[in-house]
Amino acid sequence: MIKENNKKVAVIGAGVSGIAAAIRMRNKGYQVSVFEANSFPGGKCSSETSKGYRFDMGPSVFTMPQYVDELFELSGQNPRDHFNYIPLDPVYKYFFEDGSILDAWHSKEKFAEQLAAKTNDKKEDIIKYLDKTETIYKLTEEVFLQNSLHRLKNFFTRPVVRGILNFGKIGAFDTMNSANEKAFQDPRLVKIFNRYATYNGSSPYLSPATLNVIAHVEIVKGAFYPVGGMVSITNSLVKLGKDIGIQFNFSSPVQEIMIENKKAVGIRTAKGTEAFDIVISNMDVYNSYKKLMPGIKRPEKTLDQPKSSSGIIFYWGIKKEFRELGLHNILFSENYEEEFDTIFSKKSIYHDPTIYLNITSKHTADDAPPGCENWFSFINVPNNSGQDWDKFIEESRENMIRKINRVLKTDIRPLIEAEMVFDPRVIESRTSSAFGAIYGNSSNNKFAAFLRHANFSKDIKDLYFCGGSVHPGPSIPLCLLSAKITTDLVK
Ligand SMILES: Cc1cc2nc3c(=O)[nH]c(=O)nc-3n(C[C@H](O)[C@H](O)[C@H](O)COP(=O)(O)OP(=O)(O)OC[C@H]3O[C@@H](n4cnc5c(N)ncnc54)[C@H](O)[C@@H]3O)c2cc1C
């Protein structure tokens, strides 16, 4: 039973983090209105259909489902009545140019045993490595994931002191690649573990080995497939929000955050201004300042950090089924270092890109016509600094088809019967993410975690931020945690 307090909150943006923040504020008794620029919810976590194929347009790998469940439980509902997911095993299929295919299994033991059997590395070395990633998780979870990093009092808690005393163990002074090269002899294993840098839109050759923690989350804690696809996260949370009395306003872009005497007092949309006691912006924080508060002094140091990579995505309807592919597939480039150098230093596209193929029709048959598959075909590319994206799209299509044909030993060109394309410009216009960067600031330096914007404004009272561009970072679970940290700050 919600204890009403009659105060009003505006949430700007119905991305998963904005919806989660709205649900949490409603449960605290606030009257909550969500304003979403698009005619649909979910931001990056949305869905489209074309010629009988359904696609999740953004996220596809789902970890830490408990943070979705928590929102139902908080609202007095059983999550299993509204939202369901199944554990994946194997999680990934990795394809290499030498023709080898390695499966990444769920659980430390099985993963290590299966990979040791097919690579030059020993099972005990793989387990030792995964143990290290677990240590990083235990040392960083409460410090980085559960609290605001920007409140001084949070630095005097036992977990934070323990984290600081064990700073050497979290890999902050090594890069991911150098830690992974020290751990493994087989270059394929180095690539598999280096790839986790891309979950943050970063380069494993620049980002700290602390990010190896992601391997623990995915391999040991596990990855899941939401029944109905990733968009069911968005849809089930919007339904929950409506059930508990949140007002959703779609096609309602917020044009300004109203500020008086250093306090957020409301918002302005095309319909006019509306007063609110609290404003929470789920809009990318860079653009929240630039577009909604142009008169306010920007926190330049955090906002102007280098941004993450973006993606070119071909959503392909393929009129054939490929038994060798699973839900999550990676086709690795030969020269991973050169690929990342091309993306981050040259800000260009690589001729032999690592390709991620996500095929939800492997689990949800209705996502493609009978005998067909829906391929979300993704490559990492730089964020938008004015490159010729139309040319890059044409080149990428050729590069990707050439590579897929080589690895799968089939010509897929005549099999493509539907196509939609996203590039950084589309991601930028569809979600207002600065420069079309998918993950906000990049993590290409060891202080990156400390250089994300706080979940609140230090200068403007009653103004808060949540989502992938602020603390603790991008990905569905971190965005849900971001909403928790943000709303916990509202007293
Ligand atoms: C291609 C791709 C692949 C990804 N893969 C994964 C993955 O496999 N696993 C994973 O966990 N994460 C993944 N991510 C990241 C994940 O999707 C994001 O971190 C997360 O969805 C971001 O949620 P959010 O709520 O912070 O923001 P967003 O989803 O960006 O939502 C922000 C919302 O605010 C709205 N908005 C912006 N400005 C205004 C305004 N002025 N007025 C009103 N509304 C406004 C936007 O329209 C949008 O709906 C991926 C993302 C992409 C794009």
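Structure report, in brief. All values derive from a computational prediction rather than experimental measurement. Residue positions are counted from 1 within each chain, in the order its sequence is given. Under the rules for a predicted model, residues below a pLDDT of 70 receive no local features and side-chain atom pairs below 80 are neither given nor counted, while totals for whole chains, interfaces and linings still include all residues. Excluded from the side-chain calculations are hydrogens and water; all other atoms, namely the structure's heavy atoms, are used.

**Comments concerning the overall build of the chain**
Thought 1: Counting its secondary structure elements, the chain contains 15 helices and 20 strands.
Thought 2: It is over C-alpha atoms that the radius of gyration is taken, and the globule rule equals 2.2 Å times the number of residues to the power 0.38. For the chain, whose C-alpha radius of gyration is 22 Å, the value lies close to the compact-globule estimate of 23 Å for 491 residues.
Thought 3: Along the three orthogonal principal directions, the C-alpha set of the chain runs to about 65 × 55 × 45 Å.
Thought 4: Taken over 491 residues, the chain has a buried fraction of 61%.
Thought 5: For this analysis, residues touch if any pair of their heavy atoms sits within 4.5 Å. Pairs at least 24 apart in sequence give 71% of the contacts found in the chain among residues at least 6 apart.
Thought 6: Note on areas: these come from Shrake-Rupley sampling with a 1.4 Å probe, and a residue is covered only by the protein chains present in the view. About 19900 Å² of surface is accessible on the chain, with carbon and sulfur atoms providing 52% of the total. Labels follow the DSSP assignment, with helices taken as runs of H or I lasting at least four residues and strands as runs of E lasting at least two, numbered in each case from the N terminus. Exposure classes here rest on a 1.4 Å probe applied to the protein chains alone. A residue is buried below 20% of its type maximum, exposed above 50%, and partly exposed in between.

**Looking at the pattern of salt bridges**
Thought 1: The salt bridge definition used is simple: a Lys or Arg side-chain nitrogen within 4 Å of an Asp or Glu carboxyl oxygen. Scanning all chains against the criterion turns up 34 salt bridges.
Thought 2: One salt bridge in this structure joins Lys-8 and Glu-274, with 3.4 Å as the shortest N-O distance. Here Glu-274 lies in strand β13 (residues 272-275) and Lys-8 lies in strand β1 (residues 8-12), a separation of 266 residues in the sequence.
Thought 3: The exposure class of Lys-8 is partly exposed, given its relative accessible area of 30%.
Thought 4: Salt-bridge contacts for Glu-373 lead to Lys-362; the nearest nitrogen and oxygen are separated by 2.7 Å. In this pair, Glu-373 sits in strand β18 (residues 373-381) while Lys-362 sits in the loop between β17 (355-358) and β18, placing the two residues 11 residues apart along the sequence.
Thought 5: Overall, Glu-373 belongs to the buried group, its relative accessible area being 2%.
Thought 6: Accessibility expressed as a relative area gives 31% for Lys-362, which makes it partly exposed.
Thought 7: If you follow the salt bridges from partner to partner, you end up with Glu-97, Asp-352, Lys-403 and Arg-406 in one network.

**Examining the sheet that holds strand β20 (residues 463-465)**
Thought 1: Paired strands, as defined in this entry, are two strands with at least two bridges between them according to DSSP. The strand order β10-β2-β1-β14-β20 describes an open sheet built from five strands, whose pairing is parallel. Taken across any chain shown, the strands that pair with only one partner, and hence form the sheet edges, are β10 (247-249) and β20. Neighbouring strand axes in the sheet, compared pairwise and without regard to direction, differ in orientation by 20 degrees on average.
Thought 2: The pairing of strand β14 (residues 278-281) with β20 spans three bridges and is parallel. Within the sheet, the bridge partner assigned to Val-279 lies in β20 and is Leu-463.
Thought 3: Only the stretch in contact is used when a helix axis is fitted, and all axes are lines through C-alpha atoms; the angle between N-to-C directions ranges over 0 to 180 degrees. Contacts from helix α1 (residues 16-27) reach β1, β2 (31-35), β10 and β14, with the element oriented near 170 degrees to β2.

**Re the site of the ligand**
Thought 1: Lining the immediate environment of the ligand, one finds 34 residues, of which Glu-36, Lys-44, Val-61, Gly-468 and Ile-476 sit closest.
Thought 2: As used in this structure description, the phrase polar contact means that two N or O atoms lie within 3.5 Å; if the pair is within protein, one of them must be able to donate a hydrogen and the other to accept it, and residues adjacent in sequence are counted only when both atoms belong to side chains. Between the ligand and Val-61, the relevant distance is 2.8 Å, taken from an oxygen atom to a main-chain nitrogen or oxygen of the residue.
Thought 3: One of the backbone N or O atoms of Ser-475 is found 3.0 Å from an oxygen atom in the ligand.
Thought 4: In the complex, 93% of the free accessible area of the ligand, which totals 1000 Å², lies under the protein chains.
Thought 5: At the level of secondary structure, the elements contributing two or more residues to the shell around the ligand comprise α1, α14 (424-431) and α15 (476-489).
Thought 6: With three residues, the top contributor of residues to the shell around the ligand is α15.
Thought 7: Considering only residue class, the shell around the ligand consists of 16 nonpolar, 15 polar and three charged. The near set for a molecule or strand comprises every residue that places at least one heavy atom within 4 Å of it. For this scheme, ten residues count as nonpolar: Ala, Val, Leu, Ile, Met, Phe, Trp, Tyr, Cys and Pro. Four count as charged, namely Asp, Glu, Lys and Arg, and the remainder, Gly too, count as polar.

**Observations regarding the packing of aromatic side chains**
Thought 1: Centres within 6.5 Å are what make two rings of Phe, Tyr or Trp a pair, Trp counting through its six-membered ring; a difference in plane orientation under 30 degrees is then read as stacked, over 60 as edge-to-face, and the rest as tilted. Counted by the stated rule, this structure contains 31 aromatic pairs.
Thought 2: Relative to Phe-344, the ring of Phe-340 has its centre 6.5 Å away and its plane inclined at 5 degrees; by these criteria the two rings are stacked. Here Phe-340 and its partner Phe-344 are both found in helix α12 (residues 336-344), four residues apart, which amounts to about one turn of the helix.
Thought 3: Judged by relative accessible area, Phe-344 falls into the buried class, the value being 16%.
Thought 4: Its guanidinium or amino end placed over the ring of Tyr-92, Arg-195 lies 4.4 Å from that ring's centre, counting from NZ or CZ.
Thought 5: Lysine NZ or arginine CZ positioned within 6 Å of the ring centre and within 35 degrees of the ring normal marks a charge as sitting over the ring. Against the face of Tyr-196 rests Arg-195, its NZ or CZ located 6.0 Å from the ring centre.

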